[in-house]
Amino acid sequence: MRVMGSETEYGIHAPSAPGANATMMSARVIQAYAQLTRQRAAGGAETRWDYTDEEPLHDARGWTLERNQADPSQLTDQPPVLDAEAVALAYGREELEQDGEDEAGSLLMNMVLGNGARLYVDHAHPEYSSPEVTNPVDAVAWDAAGDMVALSAVRRMAADPQLPPVNLYKNNTDNKSVSYGSHENYLMPRAVPFGDIVRGLTPFFVTRQIMCGAGRVGLGQDSSRPGYQISQRADFFEAEVGLETTIRRPIINTRDEPHATADKYRRLHVIIGDANLSQVANYLKFGTTAMVLSLIEAGLAPRVEVHEPVAALQAVSHDTSLSATLRLLDGRRVTALDLQWMYHEAAAKLAQDTGVGDAVDGDGHTHALLERWAATLTDLDSDRTAASSSVEWLAKLSLLEGYRQRDGLEWNDARLGLVDLQWADVRPEKGLYYRMLARNRMERIVDDETIARAVTEPPSDTRAYFRGRCVSSFSKDVVGASWDSVIFDVPGRGRLQRVPTREPLRGTEALTGGLFARHQDAGSFLAELLGQTPPPPPA
Amino acid sequence: MAGQEQQQPQSREDEFDDDAPATPPASGDAQASAATQGVDDLLDEIDGVLESNAEEFVRAFVQKGGQ
């Protein structure tokens with residue numbers, strides 16, 4: 001359908017060490033996973049991140065933000081160095097002393113995994129960025145693989161008597177004014193005017209939360225008002241369009257860091273989504289957004305403009321009855337469901353006209369997606385019980401309502417806050433989403449075997465295959481990688497060899513699988529790849 | 001609009017339900033009680049895995065920074 005990927009920041013908490021430094025704990029999470037993969041790779045080293053092509057200050061509207069004008073959190077093109085000074089600057093000398101300075105500086109902050117993903121410390125959270133995939137089913141699988149990576153790290157740390165146990169949560173807020181994101185990325189042709197993207201996506205993003213919101217106890221950034229809302233993220237958005245991701249968060253983010261041939265592609269960076277555990281919600285989040293981008297590319301997005309989109313976004317999130325109406329600039333008043341149906345109708349028509357939505361001869365995804373999208377909207381309108389096995393905010397709400405009815409709890413009761421938090425615990429024995437999944441109360445898109453395979457195997461149909469296989473096959477000789485590069489340090493070669501991977505749809509198994517099969521060592525692999533020796537005759 | 005079109009199957013179902021013989025109330029009660037039982041079981045299970053001190057646990061969950 002389209003090249004896409006997910007980024008998940010996990011909430012991090014060590015209940016037995018309340019003063020622990022969050023950056024240090026996050027680095028220990030990465031370290032724990034590195035120890036596990038080193039065991040698997042039989043003595044291989046970790047592959048680090050290559051920062052050469054990071055461009056966080058390039059704005060899609062056509063300019064570059066001056067470095068000295070940027071918030072320090074925007075400078076994601078420099079390797080974070082966890083030295084004592086950095087930690088003290090960010091979080092105060094006091095915290096550092098609690099944690100011990102000796103460990104700082106020796107911890108790994110960034111690694112590339114054999115499945116093509118990136119695992120790293122982002123500010124004060126561990127973050128997993130999935131490999132590039134081409135469809136929403138794979139997006140669900142490789143995003144869920146990140147949850148398994150997080151779980152493995154948590155287990156490893158729990159087994160170390162030297163460390164306080166650390167919990168990780170796939171949610172988006174601490175309910176005390178801090179939010180951390182789960183981002184999506186979509187590859188688009190550079191030729192699409194950015195203004196069209198803003199116009200086409202804004203009404204969709206204001207309302208898609210009714211299908212893929214993760215649900216949240218508390219209203220307002222600091223949860224100062226009691227209640228329940230649809231989205232974890234909505235209350236943290238303050239602007240319509242902008243470059244920032246940590247302050248003045250915009251509905252449409254303009255970071256222009258293509259990680260691909262820049263004059264051909266843009267990577268649309270989406271920061272407005274909730275982190276989803278519900279597979280159906282995640283599937284719809286990626287799938288419907290990809291289809292709306294196709295509408296925008298074809299110039300066929302519904303011509304609607306929402307009055308004051310930031311306020312509308314929050315009004316939709318606070319309206320669990322789904323009955324509130326939004327004002328459009330042309331004077332109409334519509335519900336969030338009405339707006340989603342407009343997008344569905346346009347997407348269905350485009351899919352029919354182009355043939356990609358055909359059940360038999362289509363692209364293999366669009367037909368199922370349109371059906372699921374329609375079924376979800378219909379259920380949200382008329383059968384909430386049916387919707388609550390797939391729509392995450394409704395599933396969580398049904399659990400919370402069970403508690404409210406049985407125990408007579410008010411929305412500001414701490415136990416409801418705990419249910420909300422623990423819903424997202426990555427441990428299946430503790431995470432309430434996983435308890436619901438085990439009871440068949442949540443629908444699946446992919447099974448556990450598929451997710452387990454995605455933890456170690458890269459997708460076969462993007463450049464992530466090349467990256468992941470390089471990391472797992474030649475771990476000792478691959479010293480760095482990024483979305484658009486793999487860097488080899490091969491004995492006998494005088495200098496590092498950087499292999500660019502700027503085309504997201506090259507480096508697939510079909511193109512490079514034979515190369516990996518023919519070579520056991522990085523030297524001969526690289527020689528054939530770079531055309532320095534003729535390939536062996538076909539067997 | 002597509003929204004209305006999509007709702008048609010639902011209304012046909014309603015008509016069909018009107019034609020169907022009235023469901024004996026006892027069966028309805030049995031279903032409701034089975035559903036309540038299911039929720040009670042789930043809540044009992046979740047009671048068993050919830051962290052012990054809700055107030056303190058929720059208060060101590062403080063995050064720093066974030067995108």
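Everything below is about the structure printed above this text.
Predicted model, so just to flag it, every value in this text is computed and none were measured. (Residues numbered from 1 in each chain as written. Chains lettered and ligands numbered in written order. Predicted model: local features only at pLDDT ≥ 70, side-chain atom pairs only at ≥ 80, totals over all residues. Heavy atoms only, no water.)

With respect to the sheet that holds strand β18 (residues 478-482) of chain A
All names here are of chain A. For clarity, the threshold we go by: Two strands form a pair only when DSSP identifies at least two bridges running between them. A run of DSSP states H or I qualifies as a helix once it reaches four residues; a run of E qualifies as a strand once it reaches two. Both are numbered from the N-terminal end. Pairs of residues are marked as contacts when any of their non-hydrogen atoms sit within 4.5 Å. Helix axes are fitted only over the stretch in contact, all axes being lines through C-alpha atoms; the angle between N-to-C directions runs from 0 to 180 degrees.
Sheet architecture is open: four strands sit in the order β3-β18-β19-β20, paired in mixed fashion. Both outer strands of the open sheet, β3 (48-49) and β20 (497-500), are each paired with one neighbouring strand and no more. The sheet contact formed by β18 and strand β19 (residues 485-488) spans four bridges and is antiparallel. Looking at the pairing, A481 lines up with V486 of β19. Strand contacts of helix α16 (residues 464-473): β18, β19 and β20, with the helix running at about 25° to β19, the strand carrying the most contacts.

Remarks on the interface of chain B and chain A
Quick note on the threshold: By buried area we mean how much accessible surface two parts lose on assembly, using a 1.4 Å probe and totalling the loss over both. Basic side-chain nitrogens of Lys or Arg form a salt bridge, by our definition, when they fall within 4 Å of a carboxyl oxygen of Asp or Glu. N or O atoms within 3.5 Å of each other form a polar contact, as long as, within protein, one can give a hydrogen and the other can take it, and as long as residues adjacent in sequence are counted only when both atoms are side-chain atoms. Each residue is assigned to one class: nonpolar for Ala, Val, Leu, Ile, Met, Phe, Trp, Tyr, Cys and Pro, charged for Asp, Glu, Lys and Arg, and polar for all the others, Gly among them.
Counting residues at the interface gives 31 residues for chain B, matched by 53 residues for chain A. Surface buried jointly by chain B and chain A totals about 3800 Å² across both partners, of which 59% is contributed by carbon and sulfur atoms. At the boundary of chain B with chain A, the tally comes to seven salt bridges. Among the salt bridges present, the one from E51 of chain B reaches R427 of chain A, with a minimum N-O distance of 3.7 Å. At the surface where chain B touches chain A, the tally comes to 14 residue pairs in polar contact (both at pLDDT 80 or more). Looking at the side of chain B that touches chain A, the elements with two or more residues in it are α1 (2-19), α2 (25-49) and α3 (54-60) of chain B. Broken down by element, the side of chain B that touches chain A gets its largest block of residues, 10 residues, from α2 of chain B. Of the residues in the side of chain B that touches chain A, the class split is 14 nonpolar, nine polar and eight charged.

A look at unusual backbone geometry
The phi torsion of most residues other than glycine is negative, and most of the peptide bonds are trans. All names here are of chain A. Filter applied, for reference: With a 1.4 Å probe rolled over the protein chains alone, any residue whose accessible area is under 20% of its type maximum counts as buried; one over 50% counts as exposed, and the rest are partly exposed.
Positive phi values are uncommon outside glycine, yet H123 reaches one of about 55°. One can find H123 in the loop between β7 (118-122) and β8 (125-129). Residue H123 is classed as partly exposed on the basis of its relative accessible area, which comes to 25%.

Side note on the pairing of β8 of chain A
Residue and element names in this part refer to chain A. A large share of β8 lies buried, amounting to five of its five residues. Side chains H125, E127 and S129 project from β8 onto one buried face, and the interleaved P126 and Y128 project onto a second face that is buried too. In terms of strand pairing, strand β1 (residues 4-9) meets β8 through three bridges, oriented antiparallel. Each bridged residue has a counterpart across the sheet, and for T8 the counterpart in β8 is Y128. Taken together, the five bridges between β7 and β8 define a ladder with antiparallel strand orientation. In the strand pairing of β8, R118 is matched with S129.

Comments concerning the nonpolar core
All names here are of chain A. Note the cut-off: Each nonpolar core is a collection of buried residues, namely Ala, Val, Leu, Ile, Met, Phe, Trp, Tyr and Cys, held together in the definition by side-chain atoms within 4.5 Å.
Formed by 137 residues in total, the largest nonpolar core has its most connected members in L201, I210, W373 and L380. Broken down by element, the residue count for this core peaks at 12 residues, all from helix α4 (residues 136-158). Not counting chain neighbours up to four residues away, the residues in contact with L201 comprise I252, L268, V292, L293 and I296.

With respect to the sheet that holds strand β6 (residues 110-112) of chain A
Residue and element names in this part refer to chain A. Pairing is antiparallel across the open sheet formed by six strands, whose spatial order is β6-β7-β8-β1-β10-β15. The sheet is open, and its two borders are formed by β6 and β15 (265-270), each paired with just one other strand. Across this sheet, the average inter-strand angle for adjacent strands is 20°, counted without regard to direction. Contacting β10 (182-189) and β15, helix α5 (residues 194-207) runs over the sheet at an angle of about 30° to β15.

Describing the packing of aromatic side chains
All names here are of chain A. Here is the rule we go by: Stacked, edge-to-face and tilted labels apply to pairs of Phe, Tyr and Trp rings (six-membered ring for Trp) whose centres lie within 6.5 Å, assigned for plane angles under 30 degrees, over 60, and everything in between, in that order. Both a distance and an angle decide whether a charge sits over a ring: NZ of Lys or CZ of Arg must be within 6 Å of the ring centre and within 35 degrees of the ring normal.
A full pass over the atoms with the stated rule returns 16 aromatic pairs over all chains. Ring plane angle 70° and centroid distance 5.1 Å describe the contact between Y433 and Y434, whose orientation is recorded as edge-to-face. Accessibility assignment for this pair places Y433 and Y434 in one class, buried. Measuring from centroid to centroid gives 6.1 Å for F466 and F525, while their planes differ by 25°, and the two rings are stacked. Taken together, the residues F466 in helix α16 and F525 in helix α18 (residues 522-529) connect sequence positions 59 residues apart. For F466, a relative accessible area of 3% translates into the label buried. Here a set of aromatic residues connected by ring pairs shows up, and it is made of Y465, F466, F474, F488, F516 and F525. When the ring centre of Y120 is taken as reference, the NZ or CZ atom of R118 above it lies at 3.7 Å.

Comments concerning the environment of R61 of chain A
All names here are of chain A. Position of R61 among the secondary structure elements: in the loop between β4 (58-59) and β5 (63-64). The sequence separation of R61 and P226 amounts to 165 residues, and the corresponding C-alpha distance is 39 Å. For R61, the side chain forms a polar contact with the side chain of D59, separated by 2.7 Å.

Here we look at the packing of α4 of chain A against helix α7 (residues 279-297) of chain A
All names here are of chain A. We count it as follows: Angle categories are assigned with fixed cut-offs, so that under 35 degrees is roughly parallel, over 145 is roughly antiparallel, 65 to 115 is roughly perpendicular, and the rest are oblique. Left-handed describes a crossing whose near helix is turned anticlockwise from the far helix through less than a right angle; right-handed describes the clockwise counterpart.
Two elements in contact, α4 and α7, have axes whose closest approach is 8 Å; the angle formed by their N-to-C orientations is 130°. When the axes of α4 and α7 are compared, the pair comes out oblique. Two packed elements cross with a definite hand, and for α4 against α7 that hand is right-handed. Seen from α4, the contacting residues are P136, V137, A139, V140 and D143; seen from α7, they are Q279, N282, Y283, F286 and G287. Along the lines of polarity and charge, the residues of the contact of α4 with α7 split into six nonpolar, three polar and one charged.

A few points about the pattern of salt bridges
Should their charged atoms come close, side chains of opposite charge can pair. Within this structure, the stated rule accounts for 34 salt bridges over all chains. Note that R216 of chain A is salt-bridged to D235 of chain A, the shortest N-O span being 3.7 Å. Here the residue R216 of chain A occupies a position in strand β11 (residues 216-219), and D235 of chain A occupies one in the loop between β12 (225-229) and β13 (239-242), the gap between them amounting to 19 residues. Each of the two residues, R216 of chain A as well as D235 of chain A, counts as buried. D353 of chain A is the salt-bridge partner of K349 of chain A, the closest N and O atoms lying 2.9 Å from each other. Of the two residues, K349 of chain A and D353 of chain A both sit in helix α9 (residues 336-354), four residues apart, roughly one turn of that helix. Three or more residues joined by partner-sharing salt bridges are found here, namely R406, D407 and R415 of chain A together with D44 and D47 of chain B.

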